Amino acid sequence: MRVSIFGMGYVGAVCTACLANRGHKVIGVDVVESKVDMINAGKSPIVEPGLGELLTAGVESGAIEATTDAMRAVAETDISFVAVPTPSQPNGNLNLEYIRLVCKDIGEAIKAKGTHHTVVIRSTVLPGSVMGVVRPVLEDYTGMRAGIDFGLAVNPEFLRESTAIDDYDHPPMTVVGCLDDVSAAQLTELYSDLDAPMFIKNIETAEMVKYTCNVWHAVKVSFANEIGSIAKASGVDGREVMDIVCTDTKLNISSYYMRPGFAFGGSCLPKDVRALSYRASQLDVKTPLLGSVMVSNENHVRNAYKLIERSGRKKVGLLGLSFKAGTDDLREAPQVELAEMLLGKGYDLKIFDANVSYAKVHGANKEHIEKKIPHISSLLHTDIKEVIDNSDFIVLGNGDKAFSEVLASINGDHEVLDLTGFMNEKSIGNKQGICW
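Residues numbered from 1 in each chain as written. Predicted model: local features only at pLDDT ≥ 70, side-chain atom pairs only at ≥ 80, totals over all residues. Heavy atoms only, no water.

Looking at an unreviewed UniProt entry, the protein carries the name GDP-mannose 6-dehydrogenase, with the source organism given as Echinimonas agarilytica. The heading Catalytic activity (unreviewed entry) in the UniProt record of the protein holds the text "GDP-alpha-D-mannose + 2 NAD(+) + H2O = GDP-alpha-D-mannuronate + 2 NADH + 3 H(+)". Per its UniProt entry, the protein bears the Sequence similarities (unreviewed entry) comment "Belongs to the UDP-glucose/GDP-mannose dehydrogenase family." (UniProt positions renumbered as here; feature names shortened; annotations may be inferred.)

Structure follows, in structure tokens:
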């Protein structure tokens, strides 16, 4: 494929070399003539192991050349990648000025070219940037419609400095966000020789995936450092602790706890987060990340309440009171906290939970129900149909499989809030998820 890459910095130079190495014809574009001269001489403009050798081979074979001429680069290629910097502004927001300038040049070149061309944003941009900034600029300068007259896509990179070439050749995944089928087909073909799962999504999802990955990496580093600091202050080697923790790929290093949904609860997580945070304060160790975990959890319960409040409806049926399906455990269950909020605000609340109803009479949590939350337990009903029929807003509170049938049968007279992930689709009509 004939590819032009705008921006011969870290990402652009690596992608230029790797694409050429895989048999594609690549034109690198940059406004800085010294970078263009270095690429054309087969030299790397950045320090990255193995990059110089790939660039040299690409230039010698005729697979790589560089230019400052955007018009020529677009005219002679089928697809243009934008890999220019998106630095921070003083307030933390992204500076998209380089993106705007490059898209102006590409837009003018596409107009002059007069045939179909695809633009792919490789730079890291926040959700909404491509549709809100890139698309208008390109449409203004091409006089054409994105997704119809020219292609538009997002293709975030997952390259680490010092291992970028290997990361390109062996990616964990390839993520593409497309506005049109032509762009999706081109990028699928371009990456067809990479052994990695490929995800074709909408543009905003692809934008969000990149930020989620980077912020998750930052959170992991901060978490390990805070644990290490507490461990050291306790006379423990934090490296040994985290080495053992990371061997658990069933829960610790897995997707198990990585699905958006409702707040955590139960007998273990809340008390242990508080206990470790308290111990850190005793040891005079600052742990702002750990210290914010319970605050974040409580905010998520409030988010659920706000979604109910926003509906304007007052008759709420809560299906699932225990923190987890298949249990009667109500200790620090966020569903109980949500019920407390609703009662405190005067909502007409009815609750169904078969396991809790059983525990109220027979179970080990009978005493907890009677003494800790008698005002909540008095709202329990044993007939789920009665709860639904006498409510105009239904909350699916935990993962009891029976509630999936309820979701499917709900008609337009009810609104539904799914806290646990029964919905396969995004929020639609009278049904919405807490994070989707």
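Enquirer: What exactly am I supposed to notice about the UniProt feature "active site" (unreviewed entry) in the protein here?
Expert: Residues annotated by UniProt as "active site" (unreviewed entry) correspond here to Cys 268. Relative to the helices and strands, Cys 268 is located in the loop between helix 10 (238–245) and helix 11 (269–282). (Helix = DSSP H or I, 4+ residues; strand = E, 2+ residues; numbered from the N terminus.)

Enquirer: Quick question: what am I supposed to make of the sheet that holds strand 4 (residues 79–82) here?
Expert: Two strands in a sheet stick together by hydrogen bonds in their backbones, pointing the same way (parallel) or opposite ways (antiparallel). The strand order 3-2-1-4-5-6-7-8 describes an open sheet built from eight strands, whose pairing is mixed. Two strands close off the open sheet at either side, each with one partner strand: strand 3 (64–67) and strand 8 (198–201). Here the average twist between neighbouring strands, direction ignored, is 25°. Where strand 7 (residues 174–178) and strand 8 come together, four bridges link them in parallel fashion. Within the sheet, the bridge partner assigned to Val 176 lies in strand 8 and is Ile 200. Together, strand 6 (151–154), strand 7 and strand 8 form the strand contacts of helix 9 (residues 203–233), whose direction differs from that of strand 7 by roughly 145°. (Pairing = 2+ DSSP bridges. Axes fitted to C-alpha atoms, helices over the stretch in contact; angles between N-to-C directions. Contact = heavy atoms within 4.5 Å.)

Enquirer: I tried to follow empty space enclosed by the protein on my own but got confused; where do I start?
Expert: It is a probe the size of a water molecule, rolled over the atoms, that shows where empty space is left. Tallied over the entire structure, the rule returns two cavities of 30 Å³ or more. Taken as a whole, the largest cavity holds about 120 Å³ of empty space. Along its surface, the largest cavity is lined by 13 residues, and Arg 122, Phe 158, Pro 171, Met 173 and Thr 174 are the ones closest to its centre. The space that makes up the second largest cavity amounts to roughly 30 Å³. Forming the walls of the second largest cavity are Ser 322, Ala 325, Gly 326, Thr 327, Asp 353, Ala 354, Asn 355, Asn 398, Asp 400 and Phe 403. (1 Å grid on protein atoms, 1.4 Å probe; cavity = no way out; pocket = protein on both sides within 12 Å on 5 of 7 lines; lining within 4 Å. Points joined across faces, edges and corners; volume = space filled by probe spheres on them.)

Enquirer: Whenever I open this one, the pairing of strand 7 confuses me. Can you help?
Expert: If a strand is regular, its side chains alternate between the two faces of the sheet. Burial analysis of strand 7 places five of its five residues in the buried class, which makes it a mostly covered element. Burial of the side chains of strand 7 extends over both faces: Thr 174, Val 176 and Cys 178 are buried on one face and Val 175 and Gly 177 on the other. Relative to strand 7, strand 6 is paired through two bridges, and the arrangement is antiparallel. Across the sheet, Val 154 pairs through a bridge with Gly 177, a residue of strand 7. In terms of handedness, the path from strand 7 via helix 8 (residues 181–190) over to strand 8 forms a crossover that is right-handed. (Buried < 20%, exposed > 50% of the residue type's maximum accessible area, 1.4 Å probe, protein only. Right-handed = clockwise from strand over helix to strand, strands pointing away.)

Enquirer: Before we go on, may I ask you to explain unusual backbone geometry in this structure?
Expert: With a phi angle near 85°, Ser 162 is a residue other than glycine that sits in the positive phi range. The phi dihedral of Asp 284 is positive, around 60°, even though this residue is not glycine. Along the chain, Asp 284 falls in the loop between helix 11 and helix 12 (288–291). Relative accessible area serves as the criterion here: at 61%, Asp 284 is assigned to the exposed category.

Enquirer: For this particular structure, what's the right way to read the sheet that holds strand 12 (residues 393–396)?
Expert: The parallel open sheet is built from six strands, whose spatial order is 11-10-9-12-13-14. Edge positions in the sheet fall to strand 11 (380–381) and strand 14 (431–433), since each has one partner strand and no second. Where strand 9 (residues 315–319) lies against strand 10 (residues 348–352), five bridges are found, and the strand directions are parallel. Opposite Lys 315, over in strand 10, you have Asp 348 as the bridge partner.

Enquirer: Sorry, what's going on with the environment of Gly 291 here?
Expert: By the secondary structure assignment, Gly 291 is in helix 12. Judged by its relative accessible area of 42%, Gly 291 falls in the partly exposed class. Linking Gly 291 and Asp 166, residues 125 residues apart in sequence, is a C-alpha distance of 37 Å.

Enquirer: So what exactly am I meant to see when it comes to the state of the cysteines here?
Expert: By definition, a disulfide links the sulfur atoms of two cysteine residues through a covalent bond. One pass over the full model with this rule turns up zero disulfides. As a non-bridged cysteine, Cys 15 has Cys 18 as the owner of its nearest cysteine sulfur, 6.9 Å distant. By relative accessible area, Cys 15 is classed as buried at 6%. Unpaired in terms of disulfides, Cys 213 finds its nearest cysteine sulfur in Cys 15, a separation of 16 Å. (Disulfide = S-S within 2.5 Å.)

Enquirer: It is not clear to me how the pattern of salt bridges should be interpreted in this structure. Could you clarify?
Expert: Here the idea is simple: oppositely charged side chains can pair when their charged atoms come close. As enumerated under the stated definition, the model contains 19 salt bridges in all. The partner of Arg 72 in a salt bridge is Glu 76, and the shortest N-O contact between them spans 3.2 Å. By relative accessible area, Arg 72 is classed as partly exposed at 26%. Of the charged contacts, one joins Arg 239 and Asp 237 as a salt bridge, the two residues approaching to 3.0 Å between their closest N and O atoms. Overall, Asp 237 belongs to the partly exposed group, its relative accessible area being 28%. Salt bridges linked by common partners bring Lys 25, Glu 65, Arg 72 and Glu 76 together as one network. (Salt bridge = Lys/Arg side-chain N within 4 Å of Asp/Glu carboxyl O.)

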